[in-house]
Amino acid sequence: MISVDSSFQAILSSWSFDVWIVAPIVLSSLLYLRGWCVLRQRGSQRFGAWQLAAFGCGMALLSIALLSPIETFSALMLRMHMVQHLLLMFLIPPLLWLSAPELPLLCGLPSGVRREWIAPLYRWKPIRSGFAFLTRPPVAWGLFVAATWIWHLPRFYDAALSSGTLHNLEHACFFWAAMLFWWPVVQPYPSRLKYSRWVLLPYLFLAAVQGTVLSGILSFANDVIYDHYELLPKVWGITAIDDQAIAGTLMWLFGMLAYVIAGALVGYKLLFAPRSRQLHFAVAGMPPVQSRVTTYAPPAAVRPTTRRLNRAKHRPPVRQQLPILSHDGHSSHRPARDVLNVPLLGRFLRWNKSRLVLQFVMFAAAALVIVDGLLGAQIVSLNLAGVLPWIHWRGFLVLGLLVAGNLFCMACPFKLSRTLGKTLFGGRRHWPRWLRSKWLAVGLLFVFFWAYEVFSLWQSPWWTAWIAVGYFLAAFVVDGFFRGAAFCKYVCPIGQFNFVQSLVSPLEVRVRDTSVCEECTTKECIRGAAATATAAAIPGCELHLYQPRKSSNFDCTFCLDCVHSCPHQNVGILTTLPGRELLRNPRRSGIGKLGGRTDVAALVLLLVFAAFVNAAGMVAPVLDLIDRLQAGWGFASRIPIVTAGYLLGLGAVPFCLVAIASLAGRRWSGDSESALRIATRFSYMLVPLGFSMWLAHYSFHLFTSSGAFSAAMRRFLSEFGWRDVETAAWVCSCGLETADWLLKMELILLDAGLLLSLYIGYRIARDRYLGMRRAMGAFLPWAGIAVILFLAGVWLVFQPMQMRGVMPMGM
Ligand code: SF4
Ligand code: SF4
């Protein structure tokens, strides 16, 4: 038997902090609070302290249900488990609906997200009718009762207690079924009544009856129903059968109380509330409803027949687009945030030497890589050339792209050798016309990915150092001879990677006010600013991006020359909606129409498929397969097998998939454009998915091997005589254990990438074709590619992956 004292101790120490529960709760609470404040500022009387309190209580109870000792003890005591379920089913859902969360949560979102992502989904008929169907009283009732009974069957209940995943699934079913169940009862603002409220009385009554039957079975059973609890020690001296009886009684009491209170309020409203007012729970202090919903007016030309009139009488009013979701509504429009206005950071970035400072920092890191790679011990996990580029730099590169933008190009150390080349040779020639595309970069990227795998570059500090040296030399030669930033725009594989991935970054260098540019005659942002008595000359955009017509981050190195050269301080680093530029196809300065650039689409496809092929080259089943094929076919090295794999994975497979998708889409949509142009336009939808795979892969290495830098640095300092560090202090350069949350994070990233890709594809199709049928005909084959890649990504993240920064066996 467990003593009371020890149980009390256990209660105090058994609060959990599961970031996957805490993060959504905190995020939605912040969104609600922000939206609530916005609505109050706009003078809405509808959202008072009661709504805020209801939401706050709902979220607090959700935290208690899922994070408090209730969760821990639910595996030991059925009564605790029952309390948890009762909170999830009877208390939290009504509280959340009473808070009328729809408008505050929408208003709490950044306006770009709301307008570009949520509004189209909100208006999408299948979603609206799907929700309307699920909240119809018979459907909601059926789902609620089914969830309750199915999960209380001994087989499922015991299975949920023995598996964390099933337990979470059980809670999700209870919670969401209850949300649907309580929706018609509470009828949260601004939803409208679509049926007679009298329906709710049998609705609640029948729910109470089935609840009574279930709680009766639990309370009066002669045997323990759930084996799991019978096998556990007695807690506080209560036997399993008594525990079961208490749980049944709690279920009956709580359930009945909830149904009776809800029924009484519904009955009161039906009998006593004025007919003109919409029915809501009578929470004291709640102001009367001011409906913002308009009803649908049929066109005057349609003469209503008696049948139509009868039908119209019963038809629910069509809800028009809410003002906060409108594209042109001034109420929702907010100017983009500008990073240059952030204290200290903005000041630093406006300083015209800021980039130089960052470049020197990165140059110092590159110098360490080169020196250690060429002269240091060739132990990959203890050499800075084996650790810094292949673990830290790649990880921070993709995280930087996710949270800000093309930060690496901003601090690029190769800019120093480009500048040196220009100073020595003048850089006056024009880049050859036939090379003014991304095809050269596509070829170089393919060679790089292939060489990385074939020669296991990450395992050779010496080769890594020479790659860095080669980079400096190439930048020096190309920009020494050619004008502008030819190296960045047409050659650099890292730059092309950044240009493509930064299409889903949240920041963009762009003009603050287009009307200022209309008045401007000097155009320093592209031509450069001449030297004055107090300031040196500042170049214009070397990438040929003219600010007033610049659109998206593509080809932008975040060099900030335009920021510094514009005499009107009209260029900023502004927030933008990630992926928004992939939806549009305008003519862009320095690039043209992305939808017409086959070379850019090829670059995008190469990077998307390379994300998956590159990760596949590191997982155990693929490595085993390569070994078996090599042995089976009698090759002395793995090079032919890997080369064939790369030709397939980055050549034949993408080509076939894209050809099939664009031909099928062309046929099903009745498009007369060539399949190549269709493929070019739709390829861009895959950018978010490819980025999510890079992000999942590189951040996995960053988080599992982040300690490798410290060990490599200690070894470096020791070997080069700067500091005497004992061997034992740096030899523990091993990968960290893979944390649980890493797998979840990878899956969430892939999910987000897939959703964004599908959404962008859908929007491209809707903008391109008239009519849903044609649009879906074009979209679905591309959605198929996205789903195939997503499933491949999910399979990859579940496989054992080669680690980076790990001491090789036998060292
Ligand atoms: S960004 Fe500045 S320099 Fe360029 S056109 Fe606009 S106002 Fe003129
Ligand atoms: S000058 Fe050109 S490349 Fe540099 S930040 Fe401005 S637009 Fe981007």
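These figures come from a predicted structure and were not determined experimentally.

About the cut-offs
- Residues numbered from 1 in each chain as written.
- Chains lettered and ligands numbered in written order.
- Predicted model: local features only at pLDDT ≥ 70, side-chain atom pairs only at ≥ 80, totals over all residues.
- Heavy atoms only, no water.
- Near = heavy atom within 4 Å.
- Nonpolar A, V, L, I, M, F, W, Y, C, P; charged D, E, K, R; others polar.
- 1 Å grid on protein atoms, 1.4 Å probe; cavity = no way out; pocket = protein on both sides within 12 Å on 5 of 7 lines; lining within 4 Å.
- Points joined across faces, edges and corners; volume = space filled by probe spheres on them.
- Helix = DSSP H or I, 4+ residues; strand = E, 2+ residues; numbered from the N terminus.
- Buried < 20%, exposed > 50% of the residue type's maximum accessible area, 1.4 Å probe, protein only.
- Pairing = 2+ DSSP bridges.
- Core = buried A, V, L, I, M, F, W, Y, C linked by side-chain atoms within 4.5 Å.
- Domains from an automatic or database assignment.
- Patch = residues over 30% accessible without salt bridge, like charges linked within 9 Å, V, L, I, M, F, W, Y side chains within 5 Å.
- Areas by Shrake-Rupley, 256 points an atom, 1.4 Å probe, with all protein chains shown as cover.
- Salt bridge = Lys/Arg side-chain N within 4 Å of Asp/Glu carboxyl O.
- Contact = heavy atoms within 4.5 Å.
- pLDDT = per-residue confidence, 0-100.
- Axes fitted to C-alpha atoms, helices over the stretch in contact; angles between N-to-C directions.
- Parallel < 35°, antiparallel > 145°, perpendicular 65-115°, else oblique.
- Expected span 1.5 Å × (residues − 1).
- Left-handed = near helix turned anticlockwise from the far one by under 90°.
- Phe/Tyr/Trp six-rings, centres within 6.5 Å; stacked < 30°, edge-to-face > 60°.

Near ligand 1 the following residues occur: Val511, Cys517, Cys520, Lys523, Glu524, Cys525, Gln547, Pro548, Cys566, Pro567, His568 and Val571. When the residues that make up the shell around ligand 1 are grouped by side-chain class, the tally is eight nonpolar, two polar and two charged.

In this section: the site of ligand 2. Residues in contact with ligand 2, as listed here, are Val509, Cys541, Leu545, Gln547, Lys550, Cys556, Thr557, Phe558, Cys559, Leu560, Asp561 and Cys562. For the shell around ligand 2, a count of residues per class yields eight nonpolar, two polar and two charged.

Where empty space is left can be seen by rolling a probe of water-molecule size over the atoms. Using the criterion set out here, one finds eight cavities of 30 Å³ or more in the structure. The calculated volume of the largest cavity comes to roughly 140 Å³. Every residue lining the largest cavity is counted, 18 residues in all, and those nearest its centre are Phe90, Thr148, Gly211, Met251 and Tyr259. Elements with a minimum of two residues in the lining of the largest cavity: helix H5 (78–98), helix H9 (137–152), helix H12 (200–220) and helix H14 (240–272).

The subject of this paragraph is unusual backbone geometry. Outside of glycine, negative phi angles account for most residues, and trans bonds account for most peptide bonds. A cis geometry characterises the amide bond from Tyr189 onward to Pro190, with omega recorded as 5°. You can see Pro190 is positioned in the loop between helix H11 (164–186) and H12. Positive phi, close to 55°, is recorded for Lys523, a residue that is not glycine. Positive phi outside glycine occurs at Asp555, with the angle close to 70°.

On to the pairing of strand E2 (residues 571–575). Among the five residues that make up E2, four are buried, leaving the element largely enclosed by the rest of the structure. Relative to E2, strand E1 (residues 507–511) runs antiparallel, the two being bridged by five bridges. Paired with Arg510 across the bridge in E2 is Gly572.

Membership of the largest hydrophobic core comes to 122 residues, with the highest contact counts inside it found for Val509, Ile573, Phe682, Met685 and Trp782. In terms of residue count, the dominant contributor to this core is helix H29 (residues 598–616) (15 residues). Composition of this core by domain shows at least three residues from each of domain 2 (339–595) and domain 3 (603–798). Within the second largest apolar cluster, 65 residues are counted, among which are Leu88, Ile92, Ala160 and Ala247.

A contiguous nonpolar surface patch, about 440 Å² in accessible area, is contributed by Phe205, Leu206, Val209, Val213 and Ile217. Following the sequence through the fold, Leu206 ends up in helix H12.

Our focus in this paragraph is the side chain of Ser551. One can find Ser551 in the loop between helix H26 (524–527) and helix H27 (561–565). Leave out the neighbours within four places in its chain, and Ser551 touches Glu508, Glu581, Arg584, Pro586 and Arg588.

Enumeration according to the criterion identifies 15 salt bridges in this entry. The partner of Arg512 in a salt bridge is Asp338, with the nearest N and O atoms 2.6 Å apart. Residue Arg512 is found in the loop between E1 and helix H25 (514–519), and its partner Asp338 is found in the loop between helix H15 (306–314) and helix H16 (345–350); the two are separated by 174 residues along the sequence. Residue Arg512 is classed as partly exposed on the basis of its relative accessible area of 35%. One salt bridge connects Glu542 with Arg418, and the closest N-O pair in it is separated by 3.1 Å. Here Glu542 is found in the loop between H26 and H27, whereas its partner Arg418 is found in helix H20 (residues 414–425), with 124 residues between them in sequence. Members of the salt-bridge network, linked through shared partners, are Asp671, Glu673, Arg677 and Arg768.

Overall, the prediction assigns the protein chain a mean pLDDT of 84, with 86% of residues at 70 or greater. Below a pLDDT of 50 lies the segment residues 276–309, which in the model reaches 59 contacts outside its immediate sequence neighbourhood of four places, other chains included. Across residues 326–333 the pLDDT falls below 50, and counting only partners more than four positions away or on other chains, this stretch makes 14 contacts in the model.

This next bit is on the packing of H9 against helix H10 (residues 154–162). Two packed helices can be described by the angle between their axes and the distance between those axes. The contact between H9 and H10 brings their axes to 5 Å, and the two run at 75°. Comparing the axis directions of H9 and H10 gives the class roughly perpendicular. Counting all contacts with H9, which are made through Ile150, Trp151 and His152, the residues of H10 involved are Pro154, Phe156, Tyr157 and Ala160. Split by residue class, the contact of H9 with H10 holds six nonpolar, one polar and no charged.

Before going further, it helps to spend a moment on H9. Its 16 residues place the ends of H9 23 Å apart at the C-alpha level, agreeing with the 22 Å of an ideal helix rising 1.5 Å per residue. By the burial criterion, the buried members of H9 are Pro137, Val139, Ala140, Phe144, Val145, Ala147, Thr148, Trp151 and His152.

Taking 1.5 Å per residue as the helical rise, H11 with its 23 residues ought to reach 33 Å, and the 32 Å between its terminal C-alpha atoms agrees with that figure. Positive backbone phi, at 50°, marks Gln187, one or two positions downstream of H11.

On to the environment of Ile241. The residue Ile241 is located in helix H14 in this model. Among the residues examined, Ile241 registers a relative accessible area of 28% and is labelled partly exposed. For the pair formed by Ile241 and Phe220, sequence separation is 21 residues and the distance between their alpha carbons is 9.5 Å. Every residue in contact with Ile241, bar those within four places of it in the chain, is listed here: Ala221, Asn222, Asp223 and Val224.

Contact geometry of helix H32 (residues 675–683) with helix H37 (residues 772–798) gives a least axis separation of 11 Å together with a crossing angle of 65°. When the axes of H32 and H37 are compared, the crossing they make is right-handed. Counted together, Ile678, Ala679, Phe682 and Ser683 of H32 and Ala778, Phe779 and Trp782 of H37 form the full contact between these two elements. For the contact of H32 with H37, the residue count by class is six nonpolar, one polar and no charged.

With that settled, the discussion passes to the environment of Ser99. Along the chain, Ser99 turns up in the loop between H5 and helix H6 (102–108). The spacing of Ser99 and Ala49 is 50 residues in sequence and 9.6 Å in space, taken between C-alpha atoms. In contact with Ser99, not counting residues within four places along its chain, are Tyr32, Phe47, Gln51, Ala54 and Phe55.

A complete count under the given rule lists 38 aromatic pairs for this structure. Here the aromatic rings of Phe414 and Tyr471 are separated by 4.6 Å at their centres, their planes lie at 20°, and the arrangement is stacked. You can see Phe414 sitting in helix H20 and its partner Tyr471 sitting in helix H22 (residues 461–481), a full 57 residues away along the chain. When its relative accessible area of 8% is taken as the criterion, Phe414 is described as buried. Measuring from ring centre to ring centre gives 4.9 Å for Trp431 and Phe482, while their planes differ by 80°; the resulting arrangement is edge-to-face. With a gap of 51 residues between them, Trp431 in the loop between H20 and helix H21 (439–454) and Phe482 in the loop between H22 and helix H23 (486–491) connect regions that are remote in the sequence. For the pair formed by Trp431 and Phe482, the shared burial category is buried. Aromatic ring contacts, followed pair by pair, group Trp390, Phe448, Phe449, Tyr452, Trp458, Phe497, Trp694 and Tyr698 into a single cluster.

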